[in-house]
Amino acid sequence: MKTEEAVIERINELCVNRDITLCKLAYMAAIPPSTLKNIVYGKSKNTGIVTIAKICNGLDISIHDFFSDALFVELEQEIE
C-alpha cells in the first residue's frame, strides 16, 4: 500500500468510526468539501501535512494518532 492509499483509508475509517460524512468532516476541519473529496477520491496525489493537521483538528485527534495506525507501519517505498 502506498502512503496516499493509507491516508485515504485512514480518513474513511475515522469517518465510519465516528459516523460522519465527508461533508461533515470538511466542516469540522474548516476545509472545503471539494478538498476533502479530492483527497478521498484520489484526485489529490500529494496531500499536505497542513491539510492533514486540519483534518486531525476537526476530529480532535493528534497527527501522531492519525499516523500511528497499523496502515502506516508497512508502507511501500515510494521513490520514483
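Just so it is clear, the structure is predicted and the values come from calculations on it, not from any experiment.

### So, the nonpolar core
Grouped together as the largest cluster of nonpolar side chains are 23 residues, with contacts concentrated most on Val7, Ile11, Leu25, Leu36, Ile55, Leu59 and Phe66. Contributions of two or more residues to this core are made by helix 1 (3-18), helix 2 (22-29), helix 3 (33-40) and helix 4 (49-59). Beyond its immediate chain neighbours, meaning those up to four positions away, Ile55 contacts Ile11, Leu25, Ala29, Ile31, Leu36 and Ile39.

### Section: the pattern of salt bridges
When their charged atoms lie close together, side chains carrying opposite charge are able to pair. Under the criterion given, the structure shown has three salt bridges. The salt bridge partner of Arg10 is Glu13, with a shortest N-O separation of 2.5 Å. With Arg10 and Glu13 both in helix 1 and three residues apart, this pair spans about one turn of that helix. Its relative accessible area of 8% is what places Arg10 among the buried residues. Linking Arg10 and Asp69 is a salt bridge whose minimum nitrogen-to-oxygen distance equals 3.4 Å. One end of the pair, Arg10, is in helix 1; the other, Asp69, is in the segment after helix 5 (63-67), and 59 residues separate them in sequence. Pair check on accessibility: Arg10 and Asp69 agree, each one buried.

### As for the state of the cysteines
Covalent bonding between the sulfur atoms of two cysteines defines a disulfide. A complete count under the given rule lists zero disulfides for this structure. Of the cysteine sulfurs around Cys15, a residue in no disulfide, the closest is that of Cys23, at 10 Å. With relative accessibility at 39%, the residue Cys23 sits in the partly exposed group.

### A few points about the packing of aromatic side chains
Overall, the coordinates contain three aromatic pairs when judged by the stated rule. Aromatic side chains Phe67 and Phe72 sit 4.9 Å apart centroid to centroid with 70 degrees between the ring planes, which places their arrangement in the edge-to-face category. Given the relative accessible area of 29%, Phe67 is considered partly exposed. One aromatic cluster is present, built from ring pairs that chain together Phe66, Phe67 and Phe72. Taking NZ or CZ as reference, Arg10 lies 5.9 Å from the ring centre of Phe66, over its face.

### Structural notes on the side chain of Arg10
A polar atom in the side chain of Arg10 sits 3.0 Å from the backbone oxygen of Phe66. Among residues more than four places away in sequence, those in contact with Arg10 are Asp65, Phe66, Asp69, Leu71 and Phe72.

Reading the values: the criteria
Residues numbered from 1 in each chain as written. Predicted model: local features only at pLDDT ≥ 70, side-chain atom pairs only at ≥ 80, totals over all residues. Heavy atoms only, no water. Core = buried A, V, L, I, M, F, W, Y, C linked by side-chain atoms within 4.5 Å. Buried < 20%, exposed > 50% of the residue type's maximum accessible area, 1.4 Å probe, protein only. Helix = DSSP H or I, 4+ residues; strand = E, 2+ residues; numbered from the N terminus. Contact = heavy atoms within 4.5 Å. Salt bridge = Lys/Arg side-chain N within 4 Å of Asp/Glu carboxyl O. Disulfide = S-S within 2.5 Å. Phe/Tyr/Trp six-rings, centres within 6.5 Å; stacked < 30°, edge-to-face > 60°. Lys NZ or Arg CZ within 6 Å of the ring centre and 35° of its normal. Polar contact = N/O pair within 3.5 Å; in protein donor to acceptor, adjacent residues only side chain to side chain.

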